[in-house]
Each structure stands twice: as C-alpha cells, then as structure tokens.
Amino acid sequence: MHLLVTGAAGFIGSNFVRYWLRHHPSDTVVVLDALTYAGNRASVPDGVEFVHADIADAAYALTGVDAVVNFAAESHNSRAVQDPQAFFTTNVLGTQRLLEASRRAGARFHHVSTCEVYGDLALDDPGAFTEESPYRPRTPYNASKAGADHAVRAYHETYGLPVTITVCANNYGPYQFPEKVIPLFTTRALRGLPLPVYRSSANRREWLHVDDHCAAIDRVLHDGRLGATYHVGSGVEASVADLAVSILDRLGLPRDLIETVPDRPGHDRRYLLDSTLIRSELGWQPTIDFEQGLTKTITWYEENRAWWEPLLDRAAVNEGAWA
Ligand SMILES: NC(=O)c1ccc[n+]([C@@H]2O[C@H](COP(=O)([O-])OP(=O)(O)OC[C@H]3O[C@@H](n4cnc5c(N)ncnc54)[C@H](O)[C@@H]3O)[C@@H](O)[C@H]2O)c1
C-alpha cells in the first residue's frame, strides 16, 4: 500500500509513520505537513519522503496514493480560545479540500477525530459516549473537529468516497509537543518550574498510549467497514491533578511545585468513550498499561531534551491569559 500521511510532523502522525513502517515494511509512506509551530521535521523518521504543504493544497501529492490518513489539524484547545479562525480554516476547510483531492485521485480516506466532538460528561455520569451519541462540541477546537467529521461523512454519502473515521481518547507518548498536559508538566518539572493546574483540577481525561491508537488505525485501514466510525479508548481515566502528582513523584520532586491557575473558558469536565465496537468487530484492544506507559514516556522526555528544548520558544499559549 502507498500511504499519504498528513500532519505527520506532529505527535500522533509521526508515531503512526514509525509504527506503520515497523509493521508494514514493504509499504511506502509520504508525509505531508505544513510545519506550523506544532510541526517538527525532526519528528519524521529519516528516509521518509516529505512534502511541505498545506492540506488545502495537497492535490498534487496524491498521484499513486492508495490511502490518505489525515492527522493534520490545529489541535490545541487553549490556542483555539485565542485564535479560533486558524482552527476552522485547517480543520474544516482544509479537510474538505483534502477530501475533494482524494475523490479526484480515487484514494481511500481515513480521518482521525477526537472524543471532544461530543462535548463533555458530568464527573459522576455512569455512561460513556457511543458512536451514536449526538455531537455537542463546546469549544472552537471541538467544533472545528466536529465540522470535519460531518464533511468526511458527507463525501461518503454524496460521492461514495471510501472513508473511515476513528474517534480517539487523549493520547500520550513520545514526540508530543510540550504544550499538551503530560509533556508540559514533564518538561516543566525537569526544569524545576511550577506545574500549572486549572482550578477545576478534578476534570478527567481518558488516556491511551499513542502506539495503541496507531494499532487501532491499522485495524480500521485493513478491515474497517467503509463509511463507519470507530471509537478508540482505553477506559483508563486520570485527572489533571493526578497526572501532576504522578509526574512529580516519578521524578522525585516536591508536590508543592503544583500551582493553581484560572480555568480555560469552556473547559470540558470529562470525556469517556465506549469502544466496544472496534473491540468486538475488529479485535483491537489496548496493550500498554497506563502506569508503565506513563513512566516510559517521562523517561523519554528525560532522555530526549535535544528534541523538546528547541520547541520551548514556540509554545503558543500562556495558560491563564484569558483571566
Ligand atoms: N493528541 C491527542 O490526544 C488527540 C486525541 C484524539 C484525536 N487527536 C487528533 O489527532 C490528530 C493529530 O493530533 P496531534 O496531537 O498529533 O497534533 P499535533 O498538533 O501534534 O500535530 C498536528 C500536525 O498537523 C500539522 N498541520 C497543521 N495544520 C496543517 C495544515 N493546514 N496542513 C498540513 N499540516 C498541518 C502541524 O504542522 C502538525 O505537524 C488531530 O487531528 C487531532 O485532532 C488528537
């Protein structure tokens, strides 16, 4: 198979390229990325063909491509509060342009979406989002990702484009930009700086190791039903306050490095995905234990300062700037 992987200078996409070449060494991969502040050429494995372009202008890169895997997005909720337009431009219009180019090129389209399209759950809600749950996005990032999902489904229904969507829980692992909570806390702790925890610190997220996410996309690309959406989750939840404590404890640092900052507007309380469908239909399940995966991830940031230190100047948002 010949894959075009968009957004693969970012966190999940670059891990996906490494995963794919490890598991499918006879396949070929082209990476396409606009190299926004979140994209990093150093995350793309050596020897992989790289196209520096926006997904809105990707048509010329689609010749001979069997499948497009679309990770490209503006992805940071906090930044979306301050610059929502960039999110709608890439996540909605950019995705539509890429869908159109895929249709013309006759390529299969796999789209990577997020649990955040459903809005949030109460902290004590016994339920979880299913693939049938209504979309209720509450932030510009969530709304732009929801818009992209609708566009992907419309291209399937209207033009018969062979599409699949995976909706995933929060990912963690190596090569994640140090603006997101686990690398943010880890890289700040490693520099002896305070960890900024929002006032509603009990808000929880469901955590999945990025390699488990990549394995799920692999299952869907090979055996997923065209037109279907599959949830990808671990069922393992941890609050931001839990994470701050775990990271400080693992690094042998005092817990008084935790600093409370004002909540982000529209900060969702909780997301949890019911991922029964992918488990029963495609036999996927997560394989990486959260405690072990977190320890390994922290060790990766300790050992790879040369990867993240140059990125610190690029961090786009001062958390709490909206207060
Ligand atoms: N990180 C998570 O926990 C998570 C969970 C579920 C779903 N997702 C989704 O997975 C995808 C990847 O997330 P990530 O965490 O790796 O994000 P990321 O911010 O690390 O990477 C995004 C990449 O997209 C590129 N990009 C941005 N705009 C572009 C454009 N117009 N054209 C081409 N490239 C562009 C950036 O340069 C960057 O390399 C996103 O679609 C995100 O919504 C992420």
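Our subject in this report is the structure included herewith. Note that the structure is a prediction, hence the values are computed from the model and not measured.

1. Overview of the overall build of the protein
Along its length, the protein carries 10 helices and 12 strands. The globule rule puts the C-alpha radius of gyration for 323 residues at 20 Å, and the 19 Å found for the protein is close to it. Here the C-alpha coordinates of the protein stretch approximately 55 × 45 × 40 Å along the principal axes. Taken over 323 residues, the protein has a buried fraction of 57%. Counting only contacts in the protein whose residues sit at least 6 apart along the sequence, the fraction spanning at least 24 positions is 81%. Working note: accessible area of the protein is about 13000 Å², and carbon and sulfur atoms make up 49% of it.

2. Quick notes on the pairing of strand β2 (residues 28–33)
Of all 6 residues making up β2, 5 are buried, and the element is well covered by its neighbours. Where strand β1 (residues 2–6) meets β2, 5 bridges bridge the pair, whose relative direction is parallel. Bridge pairing links His2 to Thr28 in β2. Remark: the β1/helix α1 (residues 11–23)/β2 crossover connection has right-handed handedness.

3. A few points about the environment of Ala169
Of note, Ala169 is situated in the loop between β6 (163–168) and β7 (170–172). Along the sequence, Ala169 and Ala148 sit 21 residues apart, while their C-alpha atoms lie 17 Å from each other.

4. Details of the packing of helix α5 (residues 181–190) against helix α7 (residues 240–250)
It is the contact of α5 with α7, at a shortest axis distance of 10 Å, that shows an interaxial angle of 35 degrees. Two packed elements cross with a definite hand, and for α5 against α7 that hand is right-handed. Residue-level contacts link Val181, Ile182, Phe185, Thr186 and Ala189 of α5 to Val240, Leu243, Ala244, Ile247 and Leu248 of α7. A class-by-class count of the residues in the contact of α5 with α7 yields 9 nonpolar, 1 polar and no charged.

5. Some points on the site of the ligand
Taken together, 28 residues lie around the ligand, and Ile12, Asp33, Ser75, Tyr141 and Lys145 are the ones closest in. Between the ligand and Phe11 there is a distance of 3.0 Å, counted from an oxygen atom to a backbone nitrogen or oxygen. Taking Phe71, its main chain carries an N or O atom lying 3.2 Å from an oxygen atom of the ligand. Tallying contributions element by element places strand β5 (residues 108–114) first for the shell around the ligand, with 3 residues. Broken down by class, the residue content of the shell around the ligand amounts to 15 nonpolar, 10 polar and 3 charged.

What counts, and where the lines are drawn
Residues numbered from 1 in each chain as written. Predicted model: local features only at pLDDT ≥ 70, side-chain atom pairs only at ≥ 80, totals over all residues. Heavy atoms only, no water. Helix = DSSP H or I, 4+ residues; strand = E, 2+ residues; numbered from the N terminus. Rg over C-alpha atoms; globule rule 2.2 N^0.38 Å. Buried < 20%, exposed > 50% of the residue type's maximum accessible area, 1.4 Å probe, protein only. Contact = heavy atoms within 4.5 Å. Areas by Shrake-Rupley, 256 points an atom, 1.4 Å probe, with all protein chains shown as cover. Pairing = 2+ DSSP bridges. Right-handed = clockwise from strand over helix to strand, strands pointing away. Axes fitted to C-alpha atoms, helices over the stretch in contact; angles between N-to-C directions. Left-handed = near helix turned anticlockwise from the far one by under 90°. Nonpolar A, V, L, I, M, F, W, Y, C, P; charged D, E, K, R; others polar. Near = heavy atom within 4 Å. Polar contact = N/O pair within 3.5 Å; in protein donor to acceptor, adjacent residues only side chain to side chain.

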